[in-house]
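One-letter residues, chain by chain:
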Amino acid sequence: MDDVIIIGGSFAGLAGALQLGRARRKVTVLDTGLPRNRFASHSHGLLGHDHKPPLDILAEARQQLARYPTIKLVSARAESVSGAIDDFNVLTSGGESFRARRLILSYGVADQMPDVPGFGESWGTSIVPCPYCDGFEVAGQHWGLVWSGPQSHNQVRLFHDWTDKLTLFTDGHDIPPDIRADLTRRNVPVVEDRIVEIAHHKGHIATVNLDTGRKVVVDILFAHPRNKPSASLHESLDLATVDTPVGIALKVDERRQTSMPGIYAAGDLTTPFLPSVTQASSQGAMAGIFAQQSMVV
């Protein structure tokens, strides 16, 4: 029996494994090899790894974990979880069975692309969600923002640290009068038409084609599509969740434990606001530490 099984081997999962391996705890990491930020050419804001391709950072992390004899990395998808604290059983899609005293869920979320031609192909290059991740590289240029709800108003205010050239696309959504008045005061143009296609050209350039035939060119487009967890294990376990503007997140306490004793969670799966590689790594490390401490006698 392992001490801990980690389901999801991206930044959060590997950070948790590192702490557990250094504590000489036996840990198995199950991973499908599909990290959320695999569409991005570079990862930004991670101390010591700024402007590196995210897949390169993960590959280096896995190489570093090889020096810890109690860590095992397995390429597999967890299909089901059963049992309780001190005796969990994880069954993979390939029919393998693993047992452990604790679990860490770090399988992340998957962004749900809208049914707009070109949107999915532009995701991570011409269309991005996070100014902290990509804003510096396009500072001072013409940004576009697709309205996704009241939180978009906060984005408008936030973007001023990077650019004074911003166009807001309502994409057919209604914007409250008080927010419209504030947008006018900030000299932010509002495009009312629905988006029917995104055409990206070189790097951070996107042409937004509208249902009226109008075309608006921006240097980068910010959008916040809805997302959903990359697996449904939390549903079968009936773990508590919290609503976010773009989906749900697992509810965890101050020690990163979910509503079921012995199951911890970290990364985008638990982050309702501004997910990032830095935050996922920190949460994963703490989940590993707290899981280890819960087994100390």
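Think of each chain on its own: its residues are numbered from 1, step by step along the sequence as written. Local features in this predicted model are restricted to residues whose pLDDT is 70 or higher, and side-chain atom pairs enter the listing and the counts only when it is 80 or higher, whereas totals over whole chains, interfaces and linings include all residues. Side-chain measures were taken over the full set of non-hydrogen atoms in the model, leaving aside hydrogen atoms and water.

- Looking at an unreviewed UniProt entry, one finds the protein chain named Thioredoxin reductase, with Bradyrhizobium frederickii as its source organism.

## A look at the pattern of salt bridges
Then, number 1: Whenever a carboxyl oxygen of Asp or Glu lies within 4 Å of a side-chain nitrogen of Lys or Arg, that contact is scored as a salt bridge. Under the defined criterion, the tally for this structure stands at 11 salt bridges.
Then, number 2: When the shortest N-O distance is used, the salt bridge between Arg 25 and Asp 3 registers 3.4 Å. Taken as a pair, Arg 25 in the loop between helix 1 (11-22) and strand 2 (27-31) and Asp 3 in strand 1 (residues 2-7) lie far apart in primary sequence, 22 residues in all. Accessibility classification places Arg 25 together with Asp 3 in one group, the buried group.
Then, number 3: Where Arg 102 meets Asp 86, a salt bridge forms, and the shortest distance between an N and an O atom there is 2.8 Å. On the criterion of sequence distance, the pair formed by Arg 102 in strand 6 (residues 97-105) and Asp 86 in the loop between strand 4 (78-84) and strand 5 (87-92) is long-range, its members being 16 residues apart.
Then, number 4: Through salt bridges that share partners, Arg 36, Asp 111 and Asp 268 make up one connected network. Secondary structure is summarised from DSSP: a helix means a run of H or I of at least four residues, a strand means a run of E of at least two, and numbering begins at the N terminus for each. Burial here depends on accessible area, computed with a 1.4 Å probe over protein chains only, as a share of the maximum for the residue type. Under 20% is buried, over 50% is exposed, and the range in between is partly exposed.

## Let's talk about the packing of helix 1 against helix 8 (residues 277-293)
Then, number 1: A fitted line through C-alpha atoms represents every axis, and for helices the fit uses only the stretch in contact; the resulting angles, taken between N-to-C directions, go from 0 to 180 degrees. The interhelical angle for the contact between helix 1 and helix 8, taken along N-to-C directions, is 35°, at an axis separation of 7 Å. The handedness of the crossing between helix 1 and helix 8 is right-handed. Across the interface between the two elements, Phe 11, Ala 12, Ala 15, Gly 16, Gln 19 and Leu 20 of helix 1 pack against Val 277, Ala 280, Ser 281, Gly 284, Ala 285, Gly 288, Ile 289 and Gln 292 of helix 8.
Then, number 2: By residue class, the composition of the contact of helix 1 with helix 8 is eight nonpolar, six polar and no charged. A crossing counts as left-handed when the near helix is turned anticlockwise from the far one by less than a right angle, and as right-handed when that turn is clockwise. Whether two residues touch is decided by their heavy atoms; if any such pair falls within 4.5 Å, the residues are in contact. Under the scheme applied here, ten amino acids are nonpolar (Ala, Val, Leu, Ile, Met, Phe, Trp, Tyr, Cys and Pro), four are charged (Asp, Glu, Lys and Arg), and all others, including Gly, are polar.

## Looking at the layout of surface pockets
Then, number 1: As defined here, a cavity is a set of points on a 1 Å grid over the protein atoms alone where a 1.4 Å probe fits but cannot get out. A pocket is an open set with protein on both sides within 12 Å along at least five of seven lines, and residues line them when an atom is within 4 Å of a point. Grid points are joined across faces, edges and corners, and a volume is the space filled by probe spheres set on the points. Taken as a whole, the second largest pocket encloses approximately 330 Å³ of empty space.
Then, number 2: Taken together, 15 residues make up the lining of the second largest pocket; nearest its centre are Leu 14, Ala 15, Leu 18, Ala 61 and Gln 64.
Then, number 3: Sorting the residues of the lining of the second largest pocket by element identifies helix 1, helix 2 (54-65) and helix 8 as the ones contributing at least two each.
Then, number 4: Per element, the largest residue contribution to the lining of the second largest pocket is six residues, and it comes from helix 2.
Then, number 5: For the lining of the second largest pocket, the per-class residue count stands at 10 nonpolar, four polar and one charged.

## Brief notes about the sheet that holds strand 13 (residues 206-210)
Backbone hydrogen bonds hold the strands of a sheet together, and the pairing may be parallel or antiparallel.
Then, number 1: Pairing is antiparallel in the open sheet, where three strands are placed in the order 12-13-14. What marks the edges here is a single partner per strand, and that holds for strand 12 (195-200) and strand 14 (215-218). Looking at each pair of strands side by side, their axes are set apart by 20° on average, direction ignored.
Then, number 2: We call two strands paired when DSSP finds no fewer than two bridges between them. Strand direction decides the pairing type here: strand 12 and strand 13, joined by five bridges, are antiparallel.

## Focus on the domain arrangement of the protein chain
Then, number 1: Where each domain begins and ends follows an automated or database-derived domain assignment. Taken as a whole, the protein chain is organised into domain 1 (2-111 + 226-294) and domain 2 (120-222).
Then, number 2: On the domain 2 side, the residues contacting the seven residues of domain 1 number eight residues.
Then, number 3: Buried area: the accessible surface (1.4 Å probe) lost by two parts on joining, summed over both. A combined buried area of about 770 Å² lies between domain 1 and domain 2, and 60% of that area is made up of carbon and sulfur atoms.
Then, number 4: When residues of domain 1 are sorted by the area they lose upon contact with domain 2, Phe 39, His 44 and Leu 274 head the list and together hold 58% of the total.
Then, number 5: Taken together, domain 1 and domain 2 are joined by zero salt bridges.
Then, number 6: Polar contacts, as used here, are pairs of N or O atoms within 3.5 Å; protein pairs need one atom able to donate a hydrogen and one able to accept it. Residues neighboring in sequence count only if both atoms are side-chain atoms. Applying the counting criterion to the domain 1 and domain 2 interface returns two residue pairs in polar contact (both at pLDDT 80 or more).

## Some points on helix 6 (residues 177-185)
Then, number 1: When we look at burial in helix 6, the residues that qualify are Ile 179, Asp 182 and Leu 183. For helix 6, the arc enclosing every buried residue in end-on projection is 100°, short of the 170-degree limit, so these residues lie on one face. Of the residues in helix 6, the exposed ones pointing more than 90 degrees away from the buried face are Pro 177, Asp 178, Thr 184 and Arg 185.
Then, number 2: Looking at the packing, one finds that the buried side of helix 6 touches helix 5 (151-159), strand 10 (166-169) and strand 11 (190-191). In this description, one arc is meant: the one made by directions from the helix axis to the C-beta atoms.

## A short note on the packing of helix 1 against helix 2
Then, number 1: Taken N-terminus to C-terminus, the directions of helix 1 and helix 2 make an angle of 20°; their axes are 11 Å apart at the nearest point. What the angle tells us is that helix 1 and helix 2 run roughly parallel. The handedness of the crossing between helix 1 and helix 2 comes out as left-handed. From helix 1, Phe 11, Leu 14, Ala 17 and Leu 18 reach across to helix 2, where they touch Pro 54, Ile 57, Leu 58, Ala 61, Arg 62 and Leu 65.
Then, number 2: Residues belonging to the contact of helix 1 with helix 2 are distributed by class as follows: nine nonpolar, no polar and one charged. Convention used here: angles under 35 degrees read as roughly parallel, angles over 145 as roughly antiparallel, angles from 65 to 115 as roughly perpendicular, and any remaining angle as oblique.

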